[in-house]
Amino acid sequence: MAKRIIFIHGRAQKPNKENLKKLWYQAVQFGLNRSFGSEAETAFKSVKKDFVYFGDLSNELLKLPDEDPTSRFKALEVLQSYSSSQFTRKKYKEVSEAGFIKEALADTFSALFGSIGLAEPLITKVAPDMAHYWNEGSYFGSNVRHRLTPCLKRAFDRNDQIMLVSHSLGTMISFDNLWKFSHYGEYRSDYGSNKKIDLFVTMGSPLGDENVKARLKGRNSKGAFKYPTNISRWYNFSAEDDYISHDSRLKNDYKEMMELGLLGEPIKDCHPIYNLNVRNGKSNPHSSIGYLINPKFSELLNEWLNS
C-alpha cells in the first residue's frame with residue numbers, strides 16, 4: 001500500500017495543466033522546505049501524486065483562453081520571500097491594504113440572498129462555472145466530476161493510502177465523487193465503506209454554505225445516505241476574508257457524519273489562516289497557492305508524509 005496525494009483545483013479561468021501543476025507543486029515544496037527542511041521536500045517529491053485538472057473545461061465554458069501564468073508565478077515568488085513566522089494577521093492586513101480581487105463576491109453565497117431568491121442569479125453572474133456545476137441542464141458538472149472519478153477508482157483499487165487535497169469548486173467535486181463511490185450501485189459494494197480516503201483536505205471551500213449544501217449529492221437523503229461513507233479524517237482550511245469559504249467552519253455543518261460513525265474523528269477546522277497572496281497588486285485570500293504554501297498546511301502534510 002503506497003501513499004498517494006490527489007490534488008484537484010478550483011473554479012475560474014486557469015493556465016494549462018502543466019503550468020498550474022507546476023505552481024501547486026512549487027508552492028507545496030517551498031512550504032515544506034521552509035518549515036521542515038530539504039528532507040520534507042524530498043519526501044513530497046518522492047510520494048506518488050496525481051493532479052486532477054479540469055481547467056480546459058472551465059476555460060471553454062467561460063469562453064476564455066488558457067490563462068497566462070506569469071502573474072501567478074510572480075505572486076508565488078513573493079510568497080516565497082516570507083518566513084513561516086510572517087503568516088500572521090498583522091502581515092495579512094499589510095498586504096491587503098491595496099484592496100481585494102473581486103471583493104464583492106463575499107455576499108453572493110450568503111444564506112440571506114438564498115432566502116430571498118437572489119443567490120442563483122448572482123452566482124450565475126459572478127461565478128458562472130459554479131452555477132453550471134449544479135445545473136442539471138449542463139454537462140459541465142458531470143464532465144468535471146469524471147476527471148476525478150477514474151483517478152479515485154485507480155487509487156482505491158491499488159489500496160493506496162490517499163490524501164485528497166481540494167480547493168474551492170474542487171471541494172464540491174470531491175464531496176460529490178466520494179458520495180457517488182459510497183452510494184451509487186456500480187461502486188457501492190466495492191467502494192462504499194470498504195475503501196476510505198485517509199485524509200480529506202478542503203481549502204477555501206463553499207461546503208458550509210446553505211445554497212451549496214442544498215445542491216450536493218445526497219441532499220435529499222436521510223441519515224448515512226446523505227453523506228460520503230469513505231472519509232477517515234477531514235481537515236478544513238479557511239482564510240480570513242476568503243469570499244468563497246465565508247462559512248469557515250464545517251464541523252458544525254457535518255456533525256451528523258460523526259454522530260453516525262462515518263468519520264474516524266471530528267472535522268478539524270483551521271480558521272483563520274492568513275493567505276498572503278497578492279496578484280496584480282490586489283490581495284487574493286482565496287488563492288490556492290496562498291493556501292498550499294501556508295505553514296499550517298505544510299505542518300499537516302509533513303505529519304501525514306511521516307505517519
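Relevant structure appears above.
Parameters at a glance
Residues numbered from 1 in each chain as written. Predicted model: local features only at pLDDT ≥ 70, side-chain atom pairs only at ≥ 80, totals over all residues. Heavy atoms only, no water. Helix = DSSP H or I, 4+ residues; strand = E, 2+ residues; numbered from the N terminus. Rg over C-alpha atoms; globule rule 2.2 N^0.38 Å. Contact = heavy atoms within 4.5 Å. Areas by Shrake-Rupley, 256 points an atom, 1.4 Å probe, with all protein chains shown as cover. Lys, Arg positive; Asp, Glu negative; His and termini not counted. Charge placed at Lys NZ, Arg CZ, Asp CG, Glu CD. Salt bridge = Lys/Arg side-chain N within 4 Å of Asp/Glu carboxyl O. Buried < 20%, exposed > 50% of the residue type's maximum accessible area, 1.4 Å probe, protein only. Expected span 1.5 Å × (residues − 1). Pairing = 2+ DSSP bridges. Core = buried A, V, L, I, M, F, W, Y, C linked by side-chain atoms within 4.5 Å. Axes fitted to C-alpha atoms, helices over the stretch in contact; angles between N-to-C directions. Polar contact = N/O pair within 3.5 Å; in protein donor to acceptor, adjacent residues only side chain to side chain.

Quick notes on the overall build of the protein
Then, number 1: In terms of regular secondary structure, the protein is built from 15 helices and eight strands.
Then, number 2: The C-alpha atoms of the protein give a radius of gyration of 18 Å, which matches the 19 Å a tight globule of 307 residues would have.
Then, number 3: Expressed as lengths along the three principal axes of its C-alpha atoms, the size of the protein is roughly 50 × 50 × 35 Å.
Then, number 4: Within the protein, residue pairs in contact and separated by at least 24 positions form 82% of the contacts whose partners lie at least 6 positions apart.
Then, number 5: In the structure as shown, the protein presents an accessible area of about 13200 Å², 48% of it carried by carbon and sulfur atoms.
Then, number 6: In the protein, which carries 43 positive and 36 negative side-chain charges, the distance between the mean positions of the two groups comes to 2 Å.

Brief notes about the pattern of salt bridges
Then, number 1: All told, the structure shown has 16 salt bridges when counted by the stated rule.
Then, number 2: Here Arg233 and Glu303 are joined by a salt bridge, their closest N and O atoms 3.6 Å apart. Of this pair, Arg233 sits in the loop between helix 12 (210-213) and strand 5 (234-239) while Glu303 sits in helix 15 (residues 295-305), and the two are 70 residues apart along the sequence.
Then, number 3: A network of salt bridges, in which partner residues are shared, links Arg4, Asp50, Arg158 and Asp160.

Brief notes about helix 3 (residues 55-62)
Then, number 1: If you check which residues of helix 3 are buried, you get Gly55, Leu57, Ser58 and Asn59.
Then, number 2: Its buried side turned inward, helix 3 meets helix 9 (140-157).
Then, number 3: Lys63 lies just past helix 3 and shows a positive phi near 60 degrees.

Here we look at unusual backbone geometry
Then, number 1: Put simply, His271 and Pro272 share a cis peptide bond, and its omega is -5 degrees.
Then, number 2: Mapped onto the secondary structure, Pro272 falls in strand 6 (residues 268-273).
Then, number 3: One non-glycine residue, Asp241, lies in positive phi territory at about 70 degrees.
Then, number 4: As for its placement among the helices and strands, Asp241 is situated in the loop between strand 5 and helix 13 (255-259).
Then, number 5: Although it is not a glycine, Asn280 adopts a positive phi angle of roughly 55 degrees.
Then, number 6: Of note, Asn280 is situated in the loop between strand 7 (278-279) and strand 8 (282-283).
Then, number 7: On the basis of relative accessible area, Asn280 is assigned to the exposed category, the value being 64%.

Description of helix 1 (residues 17-36)
Then, number 1: Compared with the 28 Å implied by 1.5 Å per residue over 20 residues, the 28 Å span of helix 1 between its first and last C-alpha is a close match.
Then, number 2: Turning to helix 1, its buried residues number three or more, namely Leu20, Leu23, Trp24, Tyr25, Ala27, Val28, Gln29, Gly31, Leu32 and Arg34.

Remarks on the pairing of strand 2 (residues 48-52)
Then, number 1: In terms of burial, strand 2 is a largely internal element, four of the five residues being buried.
Then, number 2: In this sheet, strand 2 lies alongside strand 1 (residues 3-8) in parallel orientation, the contact comprising five bridges. Following the sheet pairing, Ile6 is matched in strand 2 by Asp50.

Details of the nonpolar core
Then, number 1: Membership of the largest hydrophobic core comes to 42 residues, with the highest contact counts inside it found for Ile6, Leu207, Trp234 and Tyr254.
Then, number 2: Those elements giving two or more residues to this core turn out to be strand 1, helix 8 (128-133), helix 9, strand 3 (161-167), helix 10 (169-183) and helix 11 (185-191).
Then, number 3: Setting aside residues up to four positions removed in sequence, Tyr254 forms contacts with Phe175, Leu207, Lys213, Leu216, Tyr227, Trp234 and Ile267.
Then, number 4: Of all hydrophobic cores here, the second largest spans 41 residues; its members include Ile5, Met163, Phe297 and Trp304.

Topic: the sheet that holds strand 3
Then, number 1: Spatial strand order, 2-1-3-4-5-6: six strands in an open sheet with parallel pairing. Since the sheet does not close on itself, it has two edges, and those belong to strand 2 and strand 6, each with one partner. In this sheet, neighbouring strand axes are inclined to one another by 15 degrees on average, regardless of whether the strands run parallel or antiparallel.
Then, number 2: Seen against the sheet, helix 2 (residues 38-46) touches strand 1 and strand 2 and runs at an angle of roughly 70 degrees to strand 2.

Thoughts on the side chain of Asn277
Then, number 1: Relative to the assigned elements, Asn277 resides in the loop between strand 6 and strand 7.
Then, number 2: One polar contact links Asn277 to Ser287, side chain to side chain, over a distance of 3.1 Å.
Then, number 3: Dropping the residues within four chain positions of it, Asn277 is found in contact with Ala75, Leu79, Lys282, Ser283, Asn284, Ser287, Ile289 and Gly290.

By themselves, these are just geometric observations and shouldn't be taken as functional.
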